[in-house]
Amino acid sequence: MYVLKDNFSTYVEGFLGTLQLTFYSSLLALALGFLMASFRVAPVGSLRVFGTVWVTVLRNTPLTLLFFAVLLGLPRFGLVLPFQVFAVLALGCYTSAFICEALRSGINTVPRGQGEAARSLGMNFGQTLHLVVLPQAFRSVIPPVGSTLIALAKNSAIAGAFSVTELLGTYKTINELGYNIVWTFVWIAVGYLIITLAISALFNVLERRYGVAR
Amino acid sequence: MTEATALYDLPGPRTRRRHAVYAVLSTVVILALLAWICYLLFDTGQFAYTKWMPFEYKGIQRLLLRGLGNTLRAFALAAVLSLALGGLLAAGRLSDHRPVRWAATLVVEFFRAMPVLVMIFFIFVALKAQPLTALVAGLTLYNGSVLAEVFRTGVDAVERGQREAAFALGMRKTQVMAYVLVPQAVRAMLPTIISQLVVALKDTSLGYLITYEEFLHAGKLIASNLDYDLPFIPVVMVISPIYIGMCMLLSWFARWVSRREQRSPKTEAVAVTTAEYGTLLPGGEPPTAPRP
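Position numbers for residues start from 1 in each chain and track the written sequence from start to end. The order in which chains are written sets their letters, starting at A; the order in which ligands are written sets their numbers, starting at 1. Owing to the predicted nature of the model, reporting of local features is limited to residues with pLDDT of at least 70; listing and counting of side-chain atom pairs is limited to 80 or more, with chain, interface and lining totals taken over all residues.

Engineer: I'd like to hear about the packing of helix H3 (residues 58-93) of chain B against helix H4 (residues 98-113) of chain B, residue by residue, with values.
Structural biologist: Residue and element names in this part refer to chain B. Lines fitted to C-alpha atoms define the axes here, with helix axes fitted over just the stretch in contact, and angles between the N-to-C directions of these axes take values from 0 to 180 degrees. The secondary structure listing takes helices from DSSP runs of H or I that are at least 4 residues long and strands from runs of E that are at least 2 residues long, numbered from the N terminus. Running from N to C, H3 and H4 point in directions that differ by 135°, and their axes come no closer than 7 Å. Taken together, H3 and H4 sit at an angle that is classed as oblique. The chirality of how H3 crosses H4 is left-handed. Packed against H3, whose contacting residues are Leu89, Gly92 and Arg93, the element H4 presents Val100, Arg101, Ala103, Ala104, Thr105, Val107 and Val108 at the interface. In this classification, the charged set is Asp, Glu, Lys and Arg, the nonpolar set is Ala, Val, Leu, Ile, Met, Phe, Trp, Tyr, Cys and Pro, and all remaining amino acids, among them Gly, are polar. When the residues that make up the contact of H3 with H4 are grouped by side-chain class, the tally is six nonpolar, two polar and two charged. Angular relationships are summarised with four words: roughly parallel below 35 degrees, roughly antiparallel beyond 145, roughly perpendicular across 65 to 115, and oblique for the angles in between. By convention the crossing between two helices is left-handed if the near helix lies anticlockwise of the far one by an angle smaller than a right angle, and right-handed if it lies clockwise. Here contacts are defined at the residue level, using C-beta atoms placed from the backbone and a cut-off of 7 Å between them.

As structure tokens, then:
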């Protein structure tokens, strides 16, 4: 039980590291995912191909390989950034493929007649998108996006193995000080549970407020 | 055009011209991007002979193949064991006895909520297991729990009449499960099960982090060799197509099974899940079968 009390600052540092990693990669994943989803539903063929290749490749890449390639490979091109930024890049790009698919299937759930009705009312493309299609798509993508972000938080553990300050990585420091290894991991597990449960609670609130009435 | 989305009307002549302009512009941008990447690769000398030399040696080819073999072995073990564990936990969750049900639910929920890497590290560091054991055990616990949920939702999704008819014929609950519900559920959930196995295949690369000598580990050994001028990018260019190819093959198989099952008359009583890619992100909520 003393493990937590004695190493509280280490744990907090790791916890905040994971939180930061999750937050920034979520932002990147949401932005990139939105961009790729708009590419994939675009009426322009080359953009559709680009989106499809992006999604197919990233979905089938093991995240460890992606980390390996980004953290150790990009510096070879003379691109030297802090490891944390690289980790955010890798996690964000990987997750963006899944976000993209969630958003795309959300847009596809909007019935065709909605768009037709909007256009026949004289709305232009921007209005159709902002006032009719996106609000309806948004309601149905809340649960899948939530579970994708939970998975992102869990995947961030891999970054710890590539020397990014992060919750799982704290076990090394604490282990070297000779503390009970089982309790060390128990508190790490609790930390991850707090983060995943918080995201899940957040999306439950969103779902209740904006979700599709079932 | 994309299939029926609400976003666009059928394009008229002017819109078609505009789209053609966009198409040309975006193609140019994408090609420029690719050219820039190629330029960077050449500029930093990634195609120099010394960097690609190692792949000519028999010893290194054997090292890579051994790594690939180890990856596939870990995958096979993890797949078989997690299917078994999944079946067991699903049986527990569907049990009529409340304590069994609670225990199984607790186990499933806990292991689904934990990052798989935390479990692997725990088994590796705290229980001092061999790398292969730790990797397979971690993957089994995680994927087994997810598969348990898949099996359970599959069984729940079989039409109620099937269960009632079976009971009315005088079958015992084990018989109802074994002869009526499970065969239909497994057939319907097969695409999802295979999709989950793709996750397991991808996650075998986590073995790299606990020094299990798998494919990525072999690549790392070659990449950090000074004799070949640290051939890092060449290694990534060799390894990633193989990884991605294996995963794509398995996902393609899942889609093929799903198309086949949707046509099969044997799965009439339960809706077949489409092998959706969205469920492939490890750690997301388990896919649920749509209720008929």
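Engineer: Before we move on, could you go through unusual backbone geometry and cite the residues and values that matter?
Structural biologist: Peptide bonds are mostly trans, and most non-glycine residues show a negative phi. Residues and elements named next belong to chain B. Phi angles above zero are rare outside glycine, and Lys128 is one such case at about 50°. Counting through the fold element by element, Lys128 comes out in the loop between helix H5 (116-126) and helix H6 (131-157). Lys128 sits in the exposed class, given 10 other C-beta atoms within 10 Å. A positive phi angle, near 55°, is found at Thr211, a position not held by glycine. Mapping Thr211 onto the fold places it in the loop between helix H8 (173-203) and helix H9 (215-223). By the C-beta count within 10 Å, which is 11 here, Thr211 ends up exposed. Partly exposed residues are those whose C-beta has more than 12 but fewer than 20 other C-beta atoms within 10 Å; 20 or more makes a residue buried and 12 or fewer makes it exposed, with C-beta atoms placed from the backbone.

Engineer: Got a sec to walk through the domain arrangement of chain B? Specific residues and values, please.
Structural biologist: Taken as a whole, chain B is organised into domain 1 (12-43) and domain 2 (52-280). Annotation comment: domain bounds sourced from an automatic or database domain assignment. A C-alpha centroid distance of 39 Å is found between domain 1 of chain B and domain 2 of chain B.

Engineer: Give a description of the UniProt feature "domain: ABC transmembrane type-1" (unreviewed entry) in chain A that names residues and reports values.
Structural biologist: UniProt positions are given in the numbering used here, feature names are shortened, and annotations may be inferred rather than shown by experiment. Under the UniProt annotation, "domain: ABC transmembrane type-1" (unreviewed entry) lies at residues 15-203 of chain A. Here residues 15-203 of chain A is 81% helix and 0% strand, with 21 Å between the C-alpha atoms at its ends.

Engineer: Got a sec to walk through the UniProt feature "transmembrane region" (unreviewed entry) in chain B? Specific residues and values, please.
Structural biologist: All names here are of chain B. Annotation from UniProt places "transmembrane region" (unreviewed entry) at residues 20-42, 72-91, 103-126, 176-199 and 232-254. End C-alpha atoms of residues 20-42 are separated by 33 Å, and the span's content is 100% helix alongside 0% strand. Secondary structure within residues 103-126 divides into 92% helix and 0% strand; the distance between the first and last C-alpha atoms comes to 24 Å.

Engineer: So what about the UniProt feature "domain: ABC transmembrane type-1" (unreviewed entry) in chain B? Which residues, and what values?
Structural biologist: Per the UniProt record, the feature "domain: ABC transmembrane type-1" (unreviewed entry) sits at residues 68-254 of chain B. Along residues 68-254 of chain B, the helical share is 81% and the strand share 0%, with 22 Å between the first and last C-alpha atoms.

Engineer: Which residues make up the nonpolar core, and what are the values?
Structural biologist: One finds Ala90(A), Leu117(B), Val118(B), Met119(B), Ile120(B), Leu135(B) and Ala185(B) to be the most contacted residues of the largest nonpolar core, which totals 129 residues. Setting aside its immediate chain neighbours within four residues, Ile120(B) contacts Ala134(B), Leu135(B), Gly138(B), Leu206(B) and Ile210(B). To define a nonpolar core, we join buried Ala, Val, Leu, Ile, Met, Phe, Trp, Tyr and Cys residues through C-beta atoms within 7 Å and take the resulting set.

Engineer: Report on H9(B), specifying residues and quantitative values.
Structural biologist: Extensive coverage of H9(B) is indicated by the burial of seven of its nine residues. Of all the positions in H9(B), only Phe215(B), Leu216(B), His217(B), Ala218(B), Gly219(B), Ile222(B) and Ala223(B) are classed as buried. Against the buried residues of H9(B) lie helix H4 (63-73) of chain A together with H3 and helix H10 (232-263) of chain B.

Engineer: Outline the packing of helix H5 (residues 83-109) of chain A against helix H7 (residues 125-155) of chain A, supporting the account with residue identities and numerical values.
Structural biologist: Residues and elements named next belong to chain A. For the pair H5 and H7, interaxial distance at closest approach is 8 Å and the crossing angle is 155°. It follows from the interaxial angle that H5 and H7 lie roughly antiparallel. Crossing handedness for the pair H5 and H7: right-handed. Here H5 contributes Leu91, Thr95, Phe98, Ile99, Ala102, Leu103, Gly106, Ile107 and Thr109 to the contact with H7, which in turn contributes Val133, Ala137, Ser140, Val141, Pro144, Val145, Thr148, Leu152 and Asn155. When the residues that make up the contact of H5 with H7 are grouped by side-chain class, the tally is 12 nonpolar, six polar and no charged.

Engineer: Account for the interface of chain A and chain B, naming residues and giving values.
Structural biologist: Taken together, the 55 residues of chain A in the interface contact 50 residues of chain B. Secondary-structure elements contributing two or more residues to the side of chain A that touches chain B are helix H3 (45-59), H4, H5, helix H6 (112-120), H7, helix H8 (157-160), helix H9 (170-176) and helix H10 (181-210) of chain A. The leading source of residues in the side of chain A that touches chain B is H7(A), at nine residues. Looking at the side of chain A that touches chain B, its residues break down into 34 nonpolar, 15 polar and six charged.

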